[in-house]
Amino acid sequence: MSTRTARDAVLKPVPSAAPRSVTILGSTGSVGRNTVDLIRRHPAAYRIEALTGSDNVALLAEQARLLKPKLAVVANPARYAELKEALAGTGTELAAGPEAVTEAAQRPAEWVMASIVGAAGLKPTLAAVRRGAVIGLANKETLVCAGALMMGEVKRHKATLLPVDSEHSAIFQVFETERREAVDRIILTASGGPFRTVSHEVMKNATPAQAVKHPNWSMGAKISIDSATMMNKGLEIIEAQHLFSMPENRIDVLVHPQSVIHSMVSYVDGSVLAQLGTPDMRTPIAVALAWPKRMGCPSERLDFAKVSTLTFEAPDEIRFPALRLARQALRTGGGAPVVLNAANEVAVQAFLDGRIAFLDIAAIVESCLDRVNAGAAADLEEVAVADQSSRAEARRQVESRSAAR
Ligand SMILES: NC(=O)c1ccc[n+]([C@@H]2O[C@H](COP(=O)([O-])OP(=O)(O)OC[C@H]3O[C@@H](n4cnc5c(N)ncnc54)[C@H](OP(=O)(O)O)[C@@H]3O)[C@@H](O)[C@H]2O)c1
């Protein structure tokens, strides 16, 4: 495991000359759209090298017409003709397929937003790292699957990794890297999701529509389900361990339903530093997009008189076993986090498709962790083997559980 942190080891000075060239991997998603929104408010400060999407060709084409990137890529090759027709005559270079997404990441943009969802973001993000780019990292699954590899490559290629996840952005802003020996613990806050207060019985019958309805944040479907199971917080523990070189037993999770405190760092002298704000992803995106400066952002300002009460509670690992499973995978090491992530991706999609029940998600992940030979996952090939084996096992379990329903 890398002993470096996001701030002390992976940052390098950023040239101040505007405009900053930017590539957005996953521009059509929730994080991608928020990134586009910020860039459109500061048009002189940024120029777009490449945009990538997967299925939402209409939005990708609309974004390309607005931002005039040099390249637009659709990951799903079946949608290429549609993209070609939509952008005919614009002069934007077009490409399709997973390799083309990785090639987009290799183009010479100074700053790259890694906002593809899931393990599909791993290769493109790594490609941006390997050319020493400044990367806004939203795609947490990349660090879950290949954290040690990724952090090693960040160091080797003098890339810069800036966390975009609101919790890790918060920690990044209050973590005194020059005094890291004085850091006692990281405290990741969690909203608790839509099922924080409901019974096990209610969770058993939860529908996808209920589960995607996050109380505070508006996000893509996969991360919304991860928030409902609290697997999202589990993935974030793994992400934090890699970004901040903090052992798992010094990363706490604290349920904070108001989502005002985005996370905290506790120091040996008893001080606790926190970052606060309204729940709007444009703030952590702006922190990364403008780094090392700050930029204006239209997110609603915190009105403390209105907030009035901040509450905290310990997470319930009985109703939310995903938290325990993520910690277990992290402690096991090797390919276990890859297995956890892949099984979770398959199970979440099956739940969204109405094939399995909500509580089946964590059950499938647990069973894959027990059954799949995870290996060492020391390089990309081994990561791919663990990922594929886990997906195959998870699909088998989805089949049998959906047949039994
Ligand atoms: N949303 C948030 O507020 C938030 C907060 C913190 C962290 N994150 C993390 O940020 C990442 C993105 O989340 P999101 O909520 O923005 O997801 P999302 O809304 O589902 O968007 C995902 C993006 O990835 C693209 N994509 C999907 N499958 C792909 C594939 N196989 N190859 C290439 N591109 C693919 C999608 O394209 P199409 O839409 O065109 O199909 C879309 O642009 C996740 O890792 C999530 O955990 C999100």
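Please read all numbers here as calculations on a predicted model, not as lab measurements.

Novice: Explain the overall build of the protein chain here, please?
Specialist: Counting secondary structure elements, the protein chain contains 17 helices and 11 strands. A globule of 405 residues ought to have a C-alpha radius of gyration of about 22 Å, and the protein chain, at 20 Å, matches this closely. Here the C-alpha coordinates of the protein chain stretch approximately 55 × 55 × 45 Å along the principal axes. Here the protein chain holds 405 residues, and 57% of them are scored as buried. Within the protein chain, residue pairs in contact and separated by at least 24 positions form 70% of the contacts whose partners lie at least 6 positions apart.

Novice: I would appreciate a short explanation of the pairing of strand β1 (residues 20–25) in the present structure.
Specialist: Looking along a regular strand, one sees the side chains alternate between the two faces of the sheet. Most of β1 sits out of view: six of its six residues are buried. Side chains Arg20, Val22 and Ile24 of β1 all project onto a buried face; the interleaved residues Ser21, Thr23 and Leu25 project onto the opposite face, where all are buried too. Sheet topology places β1 next to strand β2 (residues 46–53); six bridges connect them, and they run parallel. Bridge assignment links valine 22 to a residue of β2, and that residue is isoleucine 48. Read from β1 through helix α1 (residues 30–41) to β2, the crossover connection turns out right-handed. The pairing of β1 with strand β5 (residues 111–114) spans four bridges and is classified as parallel. Along β5, the bridge assignment pairs isoleucine 24 with methionine 113.

Novice: Can you help me understand the site of the ligand in this one?
Specialist: Contacts to the ligand come from 23 residues, most closely from Thr28, Ser54, Asn56, Glu141 and Asp165. One nitrogen or oxygen atom from the main chain of glycine 26 is found 3.3 Å from an oxygen atom belonging to the ligand. Relative to its unbound accessible area of 900 Å², the ligand is 84% covered by the protein chains. Among the elements of the structure, α1 and α6 (140–156) are those that each provide at least two residues to the shell around the ligand. Classifying every residue of the shell around the ligand by side-chain character gives nine nonpolar, 10 polar and four charged.

Novice: Help me understand helix α5 (residues 122–130) in this model?
Specialist: An α-helical segment advances 3.6 residues per turn. Residues three or four places apart therefore align on the same side. Summarising burial for α5: seven of the nine residues are buried, a large majority. The complete set of buried residues in α5 reads Leu122, Pro124, Thr125, Leu126, Ala127, Ala128 and Val129. Where α5 is buried, its residues contact β1, α4 (98–106), β5, β6 (134–137), α6 and α17 (380–403). Just beyond α5, the residue with positive phi is glycine 132, at close to 70 degrees.

Novice: When you look at the packing of aromatic side chains in this model, what are you seeing that I'm missing?
Specialist: The full count for this structure, using the stated rule, is three aromatic pairs. Note on phenylalanine 195 and phenylalanine 358: the rings are 5.0 Å apart at their centroids and 80 degrees apart in plane angle, and the pair reads as edge-to-face. Within this pair, whereas phenylalanine 195 is found in the loop between β8 (183–190) and α8 (200–204), its partner phenylalanine 358 is found in the loop between α15 (336–352) and α16 (360–371), the two being separated by 163 residues in sequence. Judged by relative accessible area, phenylalanine 195 falls into the buried class, the value being 5%. Every member of this aromatic cluster is reached through a ring pair, and the members are Phe195, Phe351 and Phe358.

Novice: Explain the sheet that holds strand β10 (residues 261–267) to me, please; I cannot follow it from the model alone.
Specialist: Consider a sheet: its strands pair through backbone hydrogen bonds, and that pairing is either parallel or antiparallel. Reading across the sheet, the four strands line up as β9-β8-β10-β11 and stay open at both edges, with mixed pairing between neighbours. One side of each edge strand has no neighbouring strand; the edge strands of this open sheet are β9 (251–255) and β11 (272–276). Taking each pair of neighbouring strands and ignoring which way they run, the sheet shows an average axis angle of 20 degrees. Direction of pairing for β8 relative to β9: parallel, over a ladder of five bridges. Along β9, the bridge assignment pairs threonine 189 with leucine 254. Running over the sheet, helix α11 (residues 231–244) touches β8 and β9 and is turned about 150 degrees from β8.

Novice: What's the story with the pattern of salt bridges in this structure? I'm lost.
Specialist: Side-chain pairing between opposite charges can occur once the charged atoms of the two side chains come close. Applying the stated criterion across every chain yields a total of 32 salt bridges. Between glutamate 167 and lysine 233 there is a salt bridge, with its nearest N and O atoms 2.8 Å apart. Residue glutamate 167 is found in helix α7 (residues 166–174), and its partner lysine 233 is found in helix α11; the two are separated by 66 residues along the sequence. Note on accessibility: glutamate 167 and lysine 233 belong to one class, buried. Here aspartate 316 and arginine 319 are joined by a salt bridge, their closest N and O atoms 3.1 Å apart.

Novice: Looking at this structure, how should I read the packing of α15 against α16?
Specialist: If you want to describe how two helices pack, look at the angle between their axes and the distance between the axes. Following both chains from N to C, one finds α15 and α16 inclined at 150 degrees, their axes separated by 8 Å at the closest point. As the angle between them shows, α15 and α16 are arranged roughly antiparallel. The chirality of how α15 crosses α16 is right-handed. Between α15 and α16, the contacting residues are Ala336, Val339, Leu340, Ala343, Asn344, Ala347, Val348 and Phe351 on the first element and Ile361, Ile364, Val365, Cys368 and Leu369 on the second. A per-class count over the contact of α15 with α16 returns 12 nonpolar, one polar and no charged.

Novice: Sorry, what's going on with unusual backbone geometry here?
Specialist: Here the amide bond leading from tryptophan 291 into proline 292 is cis, since omega sits at 10 degrees, within 30 degrees of zero. Within the element layout of this structure, proline 292 appears in the loop between α12 (282–290) and α13 (304–307). Positive phi is not limited to glycine here, since lysine 68 has a value of about 50 degrees. Checked against the element boundaries, lysine 68 lands in the loop between α2 (57–67) and β3 (71–74). A positive phi angle, near 50 degrees, is found at serine 245, a position not held by glycine. Among the structural elements, serine 245 can be located in the loop between α11 and β9.

What counts, and where the lines are drawn
Residues numbered from 1 in each chain as written. Predicted model: local features only at pLDDT ≥ 70, side-chain atom pairs only at ≥ 80, totals over all residues. Heavy atoms only, no water. Helix = DSSP H or I, 4+ residues; strand = E, 2+ residues; numbered from the N terminus. Rg over C-alpha atoms; globule rule 2.2 N^0.38 Å. Buried < 20%, exposed > 50% of the residue type's maximum accessible area, 1.4 Å probe, protein only. Contact = heavy atoms within 4.5 Å. Pairing = 2+ DSSP bridges. Right-handed = clockwise from strand over helix to strand, strands pointing away. Near = heavy atom within 4 Å. Polar contact = N/O pair within 3.5 Å; in protein donor to acceptor, adjacent residues only side chain to side chain. Areas by Shrake-Rupley, 256 points an atom, 1.4 Å probe, with all protein chains shown as cover. Nonpolar A, V, L, I, M, F, W, Y, C, P; charged D, E, K, R; others polar. Phe/Tyr/Trp six-rings, centres within 6.5 Å; stacked < 30°, edge-to-face > 60°. Axes fitted to C-alpha atoms, helices over the stretch in contact; angles between N-to-C directions. Salt bridge = Lys/Arg side-chain N within 4 Å of Asp/Glu carboxyl O. Parallel < 35°, antiparallel > 145°, perpendicular 65-115°, else oblique. Left-handed = near helix turned anticlockwise from the far one by under 90°.

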